[in-house]
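# Structure at a glance
Read off the chains here:
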Amino acid sequence: MLVVEDLVVRYGRSPALRGVSFTVNEGEIVTIIGPNGAGKSTALKSIVGLVAPASGRIDFAGRSVVGLRTEALLRQGLSLVPEGRHIFTSLTVAENLRIGATARRDRRAARQDIADMLERFPALQRRVSSPAGKLSGGEQQQLAIARALIARPRMLMLDEPSLGLAPLIVEQIFDIIRELRAEGTTVLLVEQNAAKAVALADRAYVLQSGSVVIHGAASEILSSTEVIDSYFGGAA
Ligand SMILES: Nc1ncnc2c1ncn2[C@@H]1O[C@H](COP(=O)(O)OP(=O)(O)OP(=O)(O)O)[C@@H](O)[C@H]1O
C-alpha cells in the first residue's frame, strides 16, 4: 500500500533521512522505532507533505504522493495523527470531529461517522460540547485519533501516540490501535515506546541517525538481542 524508497530529507544542510526505504502492506501494523532525533517524525512528515524530500520515492496505492496537498492526501486515504495531537483546544469536541470530515463529500455518512465515533469513545461523548482543551491528555489523544478516523483513512499514521501519557492511558491507546487493526485498518505507527510498539506490530523498522539499521517481522525484532539491548534496555 505504501512504498517509500531511498528517501532523503535535509533540514538546511543537515540530513535527517539518508536514503530510507520501508513498505506498509494493506491490513498491516508497521512500526518505526528508534531513539530521539532518529528521523521518525520526519519520515511521517514527508509522507504527508509537511517536509519536502530532497530525493526518493513515496508511492501510496500505486501513485506518487510527493507534492500533494493535505486535502488531496486525505482523499487518497492518508491520515496522520501528529505528535502532540494538534487538536483545536478552544473548539468543542464536536467541532474538532467535524474538522475531521472536511475532506468528506458524503456529508450524511460523515455525520453518521461522527455519531459512531462518539459512541465508540464514551469519554468524548461525555464532553462533546466542552472545549477540547479541557480534556485530559488521554482524551485528547482519543479525540485526535477519532478525528483522523472520520476521514475514513485507508492508512492511519500515528506519531508518538503514547507521548506524555500515564501508563494506564498508554494501554488504552494501544488497545484502540489493536482494535483498529482487527477492523482491517492499515496502521503506520511511530513510537519511542519501542517494546510496546513492536509487541503490537506485524513488522518493525529501527531507525537510527536517519537510516534504517534493522527491519523485519516484529517477532524477529523482539528476539534480536542487539535491538533488545539498544532499545528495550534488555527488558523486552
Ligand atoms: N524543523 C527542523 N529543522 C531543523 N532540523 C530538524 C527539524 N525537525 C527535525 N530536525 C532534526 O532532524 C533530525 C530528525 O528529527 P525527527 O524529529 O524526525 O526525529 P524523531 O526520530 O522523530 O525524534 P523525536 O522522537 O524526538 O521526535 C533530528 O536531528 C532533528 O534535530
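Presented here is an overview of the structure given in this document. (Residues numbered from 1 in each chain as written. Predicted model: local features only at pLDDT ≥ 70, side-chain atom pairs only at ≥ 80, totals over all residues.)

Moving on, we get to the overall build of the protein. A tally of helices and strands in the protein yields ten helices and ten strands. Against the globule reference of 18 Å for 236 residues, the protein gives a C-alpha radius of gyration of 17 Å, in line with a compact fold. Overall, the C-alpha framework of the protein stretches about 50 × 40 × 30 Å when taken along its three principal axes. By residue count, 40% of the 236 residues in the protein fall in the buried class. In the protein, 65% of the contacts between residues at least 6 apart in sequence involve partners at least 24 apart. (Helix = DSSP H or I, 4+ residues; strand = E, 2+ residues; numbered from the N terminus. Rg over C-alpha atoms; globule rule 2.2 N^0.38 Å. Buried ≥ 20, exposed ≤ 12 C-beta atoms within 10 Å, placed from the backbone. Contact = placed C-beta atoms within 7 Å.)

The phi torsion at Glu160 lies on the positive side, around 50°, for a residue other than glycine. Mapped onto the secondary structure, Glu160 falls in the loop between strand E7 (155-159) and helix H7 (167-182). We classify Glu160 as buried; it has 22 C-beta atoms within 10 Å. Non-glycine residue Ser209 carries a positive phi angle of around 45°.

Right, let's talk about the nonpolar core for a bit. Of all hydrophobic cores here, the largest spans 63 residues; its most connected members are Ala146, Met157 and Leu189. In terms of residue count, the dominant contributor to this core is helix H6 (residues 137-150) (seven residues). (Core = buried A, V, L, I, M, F, W, Y, C linked by C-beta atoms within 7 Å.)

Moving on, we get to the sheet that holds strand E2 (residues 14-24). Strand order in the open sheet formed by four strands is E2-E1-E4-E5, and the pairing between neighbours is antiparallel. One side of each edge strand has no neighbouring strand; the edge strands of this open sheet are E2 and strand E5 (63-64). Most of the contacts of helix H1 (residues 40-47) go to E2, to which it runs at about 70°, and overall it touches strand E1 (2-11), E2 and strand E4 (55-60). (Pairing = 2+ DSSP bridges. Axes fitted to C-alpha atoms, helices over the stretch in contact; angles between N-to-C directions.)

Taking 1.5 Å per residue as the helical rise, H6 with its 14 residues ought to reach 20 Å, and the 20 Å between its terminal C-alpha atoms agrees with that figure. Buried residues dominate H6, accounting for twelve of its 14 residues. Taken together, the buried positions of H6 are Glu139, Gln140, Gln141, Gln142, Leu143, Ala144, Ile145, Ala146, Arg147, Ala148, Leu149 and Ile150. The elements touched by buried residues of H6 are strand E6 (78-81), helix H3 (93-100), helix H4 (107-120), helix H5 (122-126), E7 and H7. (Expected span 1.5 Å × (residues − 1).)

Glancing now at the pairing of E7. The element E7 is largely enclosed, with a buried count of five among its five residues. Burial along E7 is two-sided: Met155, Met157 and Asp159 and Leu156 and Leu158, pointing in opposite directions, are all buried. Sheet topology note: the E6/E7 ladder contains four bridges and is parallel. What sits directly across from Ser79, in E7, is Leu156. In this view, the connection linking E7 to its parallel neighbour strand E8 (residues 186-191) by way of H7 has right-handed handedness. (Right-handed = clockwise from strand over helix to strand, strands pointing away.)

Taken in spatial order, the six strands line up as E6-E7-E8-E3-E9-E10 in an open sheet, and their pairing is mixed. Each edge of the open sheet is held by one strand with a lone partner, namely E6 and strand E10 (211-217). On average, each strand axis in the sheet is inclined to that of its neighbour by 15°, with strand direction left out of account. Contacts from H1 reach strand E3 (29-33), E6, E7, E8 and strand E9 (203-208) within the one sheet, and its direction differs from that of E7 by about 145°.

Where burial is concerned, most of E3 is hidden: five out of the five residues are buried. Residues Ile29, Thr31 and Ile33 point to one face of E3 and Val30 and Ile32 to the other, with burial holding for every one of them. Across five bridges, E3 lies against E8 in parallel orientation. Bridge pairing links Ile29 to Val187 in E8. Looking at chain direction, E3 and E9 are connected through four bridges and run parallel. Within the sheet, the bridge partner assigned to Ile33 lies in E9 and is Val206.

The N-to-C vectors of H6 and H7 enclose an angle of 15°; their axes lie 10 Å apart at closest approach. Here H6 is positioned roughly parallel relative to H7, judged by the angle of their axes. When you trace H6 past H7, the crossing you get is right-handed. Residues Gly137, Gly138, Gln141 and Ile145 of H6 lie in contact with H7, whose contacting residues are Ile169, Gln172, Ile173 and Ile176. Counted by class, the contact of H6 with H7 contains four nonpolar, four polar and no charged residues. (Parallel < 35°, antiparallel > 145°, perpendicular 65-115°, else oblique. Left-handed = near helix turned anticlockwise from the far one by under 90°. Nonpolar A, V, L, I, M, F, W, Y, C, P; charged D, E, K, R; others polar.)

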